[in-house]
Amino acid sequence: MRLYLLELGTIRYYKDRPVCGYLIRCDDGTDVLVDTGPARDADPDSPIIARTDPGLLDQLAAIGVTPADIDIVVCSHLDPDHAGNHDLFPDAEFVIQQSHLELARSGTESRLEATRHRWDLPHLKYRTVDGDVTLVPGIELIESSGHITGHQSVLVRLPGAGAMLLAVDAITQEAAMDPENRPMTRFDLDADAARASTRKLIDLAEQENAMVIRNHDPKQWPTLTQWPSFYE
Ligand SMILES: [Zn+2]
């Protein structure tokens, strides 16, 4: 099993934080993508959320993966920096927390509307899950609400590198590793739930001896093994 860390964009609004996505290639040939990043037609010079160049498809191609190879897309959540290219994967099954898909489809959360034309398409196949579930052997989905309802993180158990916890937006910087005193952003909608999810993820990471991979962390990102290299 291999884990690739992709760099899909930059949040300029918050002092150039990276936006990451993840590709997990399983030994049985199953290819799992976690999030699809900022929209491919986002302005690379945008002052808010910019896409990287090379983009998602170029990075996958460099690894030897086509969109048709992707069997499963795990949706951490549908914020515009994470769900801007769902339409590129019509053959994949999209796995999402039931509570998040309900929230998104209700139209009550305006920030999810920005890329609705990319994630709310009749031909995209969504499978909803409720809470913590095993996706495939070695990959666990961990419900981690707080940033937004039905956010999910991903635990990957690699045979050599050990366990890696992709916290995504439940923990985006080192200071947010402290459940009680962690900072919140204006995009963290429920502070109490975010603290509870942080505690849950930190406990899980300790139990699994897992490295916590934080999305949007400009300090951690350069220290990590990035595509086309991988963890295995
Ligand atoms: Zn994000």
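Rules used throughout
Residues numbered from 1 in each chain as written. Predicted model: local features only at pLDDT ≥ 70, side-chain atom pairs only at ≥ 80, totals over all residues. Helix = DSSP H or I, 4+ residues; strand = E, 2+ residues; numbered from the N terminus. Expected span 1.5 Å × (residues − 1). Contact = placed C-beta atoms within 7 Å. Pairing = 2+ DSSP bridges. Axes fitted to C-alpha atoms, helices over the stretch in contact; angles between N-to-C directions. Buried ≥ 20, exposed ≤ 12 C-beta atoms within 10 Å, placed from the backbone. pLDDT = per-residue confidence, 0-100.

Every α-helix carries 3.6 residues per turn, so stepping three or four residues along brings you back to the same face. Under the 1.5 Å per step criterion, the end-to-end length of helix H4 (residues 191-208) is 25 Å for 18 residues, consistent within 8% with the ideal 26 Å. Among the structural elements, strand E9 (139-143), strand E10 (152-158) and strand E11 (162-168) are those in contact with the buried residues of H4. One or two residues past the end of H4 sits Asn209, with phi positive at roughly 55 degrees.

Take the sheet that holds E10 next. Strands sit in the order E8-E9-E10-E11-E12 across an open sheet of five strands; the sheet is mixed. The strands lining the two open edges of the sheet, one partner per strand, are strand E8 (133-136) and strand E12 (211-214). Sheet twist, expressed as the average angle between the axes of neighbouring strands with direction ignored, equals 25 degrees. Sheet topology places E10 next to E11; five bridges connect them, and they run antiparallel. In the sheet register, Val156 faces E11, and the bridge partner there is Met164. Relative to the sheet, H4 contacts E9, E10, E11 and E12, its axis offset from that of E11 by approximately 170 degrees.

It is worth spelling out the pairing of strand E1 (residues 2-11) at this point. On a regular strand, each side chain points to the face opposite its neighbour's, so the side chains alternate between the two faces of the sheet. With eight of 10 residues buried, E1 lies mostly within the body of the structure. Where E1 lies against strand E2 (residues 17-25), nine bridges are found, and the strand directions are antiparallel. Bridge pairing in E2 places Leu3 opposite Ile24. In this antiparallel pair of consecutive strands, E1 and E2, the connection spans five residues, and Lys15 shows a positive phi of 55 degrees. Note: E1 against strand E4 (residues 49-51), three bridges, orientation antiparallel. Paired with Ile11 across the strands is Ile49, a residue of E4.

Okay, the environment of Ile24 next. Position of Ile24 relative to the elements: it lies in strand E2. With 26 C-beta atoms packed within 10 Å, Ile24 lands in the buried category. Note: C-alpha distance between Ile24 and Tyr231 (207 residues apart in sequence) is 9.5 Å. Each residue touching Ile24, except ones within four places of it in the same chain, is listed here: Met1, Leu3, Val32, Ile139 and Val156.

Moving on: the environment of Gly37. Looking at the secondary structure, you find Gly37 in the loop between strand E3 (31-34) and E4. Gly37 gets classed as buried once you count the C-beta atoms within 10 Å, which come to 26. In sequence terms Gly37 and Val212 are 175 residues apart; their C-alpha atoms lie 20 Å from each other. With near-sequence residues (within four places) excluded, Gly37 lies in contact with Leu8, Gly9, Val19, Gly21, Arg51, Leu56, Asp81, His82, Gly84 and Asn85.

Across the protein chain, the average pLDDT comes to 96, with 100% of residues at or above 70. Mean pLDDT across the elements of the protein chain bottoms out in E4 (85) and peaks in strand E5 (residues 72-74) (99).

This next bit is on the sheet that holds E3. Pairing between the strands of a sheet is mediated by backbone hydrogen bonds and can be parallel or antiparallel. Taken in spatial order, the seven strands make up an open sheet running E4-E1-E2-E3-E5-E6-E7, and their pairing is mixed. Either end of the sheet is taken by a strand with one partner, and the two such strands are E4 and strand E7 (125-129). Between one strand and the next, the sheet's axes are offset by a mean angle of 30 degrees, whatever the strand orientation. Across the sheet, helix H1 (residues 56-63) is in contact with E1 and E2; its angle to E1 comes to roughly 155 degrees.

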